[in-house]
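Spelled out from the first residue to the last, the chains are:
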Amino acid sequence: MFSLKDITNAVLAYHPEADIDVILDAYLFSAKAHRGQSRDSGEAYFSHPVHVAYNLTRLRMDENAIAAGLLHDTIEDTLATSEEIKSMFGDEVYQLVEGVTKIGQVEFASQEEKQAENYRKMILAMAEDIRVVYIKLADRAHNLETLDSLSDIRKQRIARETLDIYAPLANRLGVGWLKSELENNSFKYLAPKEYEDICQRVRQGEDQRNKYVEGVCQALMRELEDAEIPGKVVGRPKQYYSIYKKMHDQDIEFEDVYDLSGVRIITDSLKNCYAVLGMMHALWKPIPGKFKDYIAMPKPNMYQSLHTSVVGPEGQRLEIQIRTEEMHRVAEEGIAAHWHYKEEGKSRPKRLEKSLPWVGKLLESQKEIKNPKEFLKTFKVDLFPQEVYVFTPQGEVVSLPVGASPVDFAYQVHTDIGDHCFAGKVNGKIVPLRYKLRNGDHVNILTAKNKRPSRDWLSFVKTSKARNKISGFLNKEERGKSLKLGRELLEKEIKKLGSKPAAIFKSPAMEEVIPSCGCNSLDALFLGVGYGKISGRQVAEKLLPKEALENVEQSEEVRVKVKQKSPGKSRGTAIKVKNFDAEILIRMGKCCNPVPGDEIVGYITRGRGVSVHHVDCQSVAGLAAETERRVEVVWDNIEELRYSCQISIVAEDRAGQLANISGALADNDVNITRANVRGGNNRGYFDLDIDIQNLDHLERSFEKIRQVEGVIHVERVWDRQKKGEKTRASARSSKNAGSMEDQETALR
């Protein structure tokens, strides 16, 4: 455990004028507040805030941030109150502590909602004072070091969250060493076998690599001296998680990761950075496509450096980074490298978010997205870095995520441009809106007053701003249509009961029914009916006297049969729409072909009734935030019906195999409606459309197929799509590739 002296000495080393008294007071207050408390490991709880405070000195925080680190758990986990913190340490320290305090006192419908609200609170606090996220990172860094005493489930959850949220946050702040520390410690718990394997492999060749890098460094120092360029050359080892990611992303073996070690050249000026780059390319052959200029185009976290890869001594590939002393300081410390602790310096961190536009983007996202699941997804996407840099017609640089489209660019420039764009002009040529922008593209957006956002755009946009603006426009448009639909449905129900809608809508009874349905206006009631959230029949029954209802046949719910076309035969599917009494068209999603036993969800479409999909179907992923369009649907009356299902079979390529498989299916009362068969590599691949009753019937059919001699693998096509697999699991020819697939599953 670190001592108070360790903390104060570390602070004074980089901030000699720091007010040490506030740290001393916070240390004593926290020690008293946490007295008698223990962590899961059995050690005194107070060791945790002390370690967090020391981590903050590694991040070069000011004294108020370090005091807040000592106090960060007092409000949540002790009898200390907010008023005590504010009165003893002032408003600045209190706001920092409040910013990192979890929402522990509020009840939420789900863990997902609680997590989303915690992140919302952190974003808001970050926007006010960026030091909040530094305290969160220091807290998480120590928690990762003490996971061994926790259950496996908690270890996995904390490590997963760290890899998804906190490591990307550290990267966004430019603190490279902390990002690597968080990633490696998370990797250790998420995939312990793979972690240990990489550790052993790195250690096995470490001496040889160190000797090679030392020789390279000496050779480069001689080159710098001969050219009279001041500088130093140091080795740069690659982190374990980075090695794993490269192996998986590029589908390569450990032996093929050429940049396990690299070198970094630190010189005195911008001019000499480019001079050194020229020397490197003259000395060794550069590898095409492996040069990146982060000096001319810095990363959003202010990182600047030249990166190049060359064929170095002994024909080995070598990665070289070139930067100035100031660039190196920013690369190591992130934005904290710009903090100068002078008399007015205490407020300096609060203004830093102006130089971090991504904080503003996060703030904008949290305001616009209400659905917790969609918010968490957007939050994670916004944190992950890889970006492309493109130019506006005026020559300004715009950074966008990799894979971004002209639509993303348009909304980044201005919402009106995004709302009215119809094409992009990239490097002088017209391109479709789906075009994926590349580094250095010059982009111009073509607009027209009569053009409007399309729902199809949601399938390819990458930025949360574009997605939110498109969804907002479509929701507004959908609202008008749902308002009209709701009024028509309610009018129809009232007419069925023998009354005139116009008179009923103006009656005193309507004024009483509106609030009883949870609405505050007639339009809100129409919307509720139009969205399927309120039953039109139930509203109508509330409006009319009992005598008017006596001769009307009552019905709790409507069952609507949906017809699916297939060669030579039609099959029915029964779906029950809960709390929806009006007749409405129901369509089954052809993208996922749900069958009884699957979890399903319904969405009200534009002019095509309710579309029913599997809950995990990507076709409705873009509609997740539009909860008002969602309706609850369940399977009903399915005993005598058959449902179309696509399956995929891999078997040994032998004569009569299709007949054998067909016979097995026939034995289980399954009809094949379509068959596509192909062969290769002594394998037969059978893609079949079959008619089944439900998931149990499908599993029984799979058992029959597995009993056929020569069958290697059988699966439902939808299951493969749901997992996001790009190729058939059974057709993987490499055991290594399979193990990497398993590792990626563990890390996701």
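Residues numbered from 1 in each chain as written. Predicted model: local features only at pLDDT ≥ 70, side-chain atom pairs only at ≥ 80, totals over all residues. Heavy atoms only, no water.

1. A word on unusual backbone geometry
The criterion, for reference: Exposure classes here rest on a 1.4 Å probe applied to the protein chains alone. A residue is buried below 20% of its type maximum, exposed above 50%, and partly exposed in between. Helix and strand definitions here come from DSSP, where helices need a minimum of 4 consecutive H or I residues and strands a minimum of 2 consecutive E residues; each element is numbered from the N-terminal end.
Here Arg60, not a glycine, exhibits a phi torsion of approximately 60°, which is positive. Given the relative accessible area of 28%, Arg60 is considered partly exposed. A positive phi is found at Asn427, a non-glycine position, where the angle reads about 55°. Turning to its location among the elements, Asn427 is positioned in the loop between strand S9 (421–426) and strand S10 (429–431).

2. Remarks on the pairing of strand S8 (residues 397–401)
Basically, it comes down to this: DSSP-based pairing: two strands are paired if at least 2 bridges between them are found.
What you see with S8 is a clean split: Val398 and Leu400 sit on the buried side and Val397, Ser399 and Pro401 on the side with no burial. Both strand S7 (residues 387–391) and S8 contribute to a ladder of 5 bridges, which runs antiparallel. Note that in S8 the partner of Tyr389 across the bridge is Ser399. Joining the antiparallel neighbours S7 and S8 is a turn of 5 residues, in which Gly395 adopts a positive phi near 90°.

3. Focus on the confidence of the model for the protein
Threshold: Known as pLDDT, the predictor's per-residue confidence is scaled from 0 to 100. In this analysis, two residues are considered to be in contact whenever any of their non-hydrogen atoms come within 4.5 Å of each other.
Confidence in the prediction for the protein averages 79 pLDDT; 78% of positions are at 70 or higher. Across residues 103–109, where pLDDT falls below 50, the model places 8 contacts with residues more than four positions away in sequence or in other chains. Predicted confidence for residues 553–572 stays below pLDDT 50, and this span has 48 contacts to residues more than four positions away or in other chains.

4. Details of the pairing of S7
Of all 5 residues making up S7, 5 are buried, and the element is well covered by its neighbours. Along S7, one buried face is formed by Glu387, Tyr389 and Phe391 and the opposite face, lined by Val388 and Val390, is buried too.

5. As for the sheet that holds S10
The following threshold applies: A fitted line through C-alpha atoms serves as each axis, taken over the contacting stretch for helices, and the angle formed by two N-to-C directions is quoted from 0 to 180°.
Strand order in the open sheet formed by 3 strands is S10-S9-S11, with antiparallel pairing between adjacent strands. Every other strand in the sheet has two partners, leaving S10 and strand S11 (443–447) as the edge strands with one partner each. Sheet twist, expressed as the average angle between the axes of neighbouring strands with direction ignored, equals 35°. Sheet topology places S9 next to S11; 5 bridges connect them, and they run antiparallel. Among the inter-strand pairings, Lys425 is bridged to a residue of S11, identified as Asn444. Of the strands in this sheet, S9, S10 and S11 are in contact with helix H18 (residues 406–413), which crosses S11 at around 85°.

6. Some remarks on the sheet that holds strand S15 (residues 600–604)
Read across the open sheet, the 4 strands follow the order S14-S16-S15-S17; overall the sheet is mixed. For this open sheet the edge positions go to strand S14 (586–588) and strand S17 (630–631), each flanked by a neighbour on one side alone. Of the strand pairs in this sheet, S14 and strand S16 (residues 610–614) are connected by 3 bridges, and their pairing is parallel. Residue pairing for S16: Ile586 is matched across the bridge by Val610.

7. Here's the deal with helix H12 (residues 206–226)
Along an α-helix, residues three or four apart share an orientation, since each turn contains 3.6 residues. Counted only if it meets this: Residue count minus one, scaled by 1.5 Å, sets the expected span of a helix.
With 21 residues, H12 should cover 30 Å at 1.5 Å per step; its first-to-last C-alpha distance of 30 Å lies within 8% of that length. All of the buried residues in H12 are Arg209, Tyr212, Val213, Val216, Cys217, Ala219, Leu220 and Leu224. Along its buried surface, H12 packs onto helix H11 (192–204), strand S1 (231–237), strand S2 (261–267), helix H14 (270–283) and strand S6 (317–324). Just beyond H12, the residue with positive phi is Glu228, at close to 55°.

8. Here we look at the pattern of salt bridges
For clarity, the threshold we go by: Whenever a carboxyl oxygen of Asp or Glu lies within 4 Å of a side-chain nitrogen of Lys or Arg, that contact is scored as a salt bridge.
Taken as a whole and judged by the stated rule, the model has 22 salt bridges. Residue Glu161 is joined to Arg140 by a salt bridge in which the shortest nitrogen-to-oxygen separation is 2.8 Å. Of this pair, Glu161 sits in helix H9 (residues 152–172) while Arg140 is found in helix H8 (residues 131–145), placing the two residues 21 residues apart along the sequence. Under the relative-accessibility criterion, Glu161 is labelled buried at 13%.

9. Focus on the nonpolar core
Note the cut-off: In this description, a nonpolar core means a group of buried Ala, Val, Leu, Ile, Met, Phe, Trp, Tyr and Cys residues linked to one another through side-chain atoms lying within 4.5 Å.
Core analysis: the largest hydrophobic core is formed by 69 residues, its most contacted members being Leu56, Ile66 and Leu182. When residues no more than four places from it in sequence are discounted, the contact partners of Ile66 are Ile7, Val11, Tyr14, Ile23, Ala53, Leu56, Thr57 and Met61. One finds Val577, Met588, Val633 and Ile690 within the second-largest nonpolar core, a separate group that totals 32 residues.

10. Quick look at the packing of helix H1 (residues 4–14) against helix H2 (residues 20–33)
Our working definition: Each angle receives one of four descriptions, namely roughly parallel if under 35 degrees, roughly antiparallel if over 145, roughly perpendicular if within 65 to 115, and oblique otherwise. Rotating anticlockwise by less than a right angle from the far helix to the near helix defines a left-handed crossing, while the corresponding clockwise rotation defines a right-handed one. Three categories are distinguished: nonpolar for Ala, Val, Leu, Ile, Met, Phe, Trp, Tyr, Cys and Pro, charged for Asp, Glu, Lys and Arg, and polar for the others, with Gly belonging to the last.
Between H1 and H2, the least distance of the axes is 11 Å, while the angle of their chain directions is 155°. Classed by the angle they form, the pair H1 and H2 counts as roughly antiparallel. Where H1 crosses over H2, the handedness of that crossing is right-handed. Counted together, Leu4, Ile7, Thr8, Val11 and Leu12 of H1 and Ile20, Ile23, Leu24 and Tyr27 of H2 form the full contact between these two elements. When the residues that make up the contact of H1 with H2 are grouped by side-chain class, the tally is 8 nonpolar, 1 polar and no charged.

11. Considerations on the side chain of Ser611
Spelled out, the test is: Pairs of N or O atoms within 3.5 Å make up the polar contacts considered here, provided that, within protein, one atom can donate a hydrogen while the other can accept it, and that residues adjacent in sequence are counted only when both atoms are side-chain atoms.
Following the sequence through the fold, Ser611 ends up in strand S16. At 2.6 Å, the side chain of Ser611 and the side chain of His613 are in polar contact.

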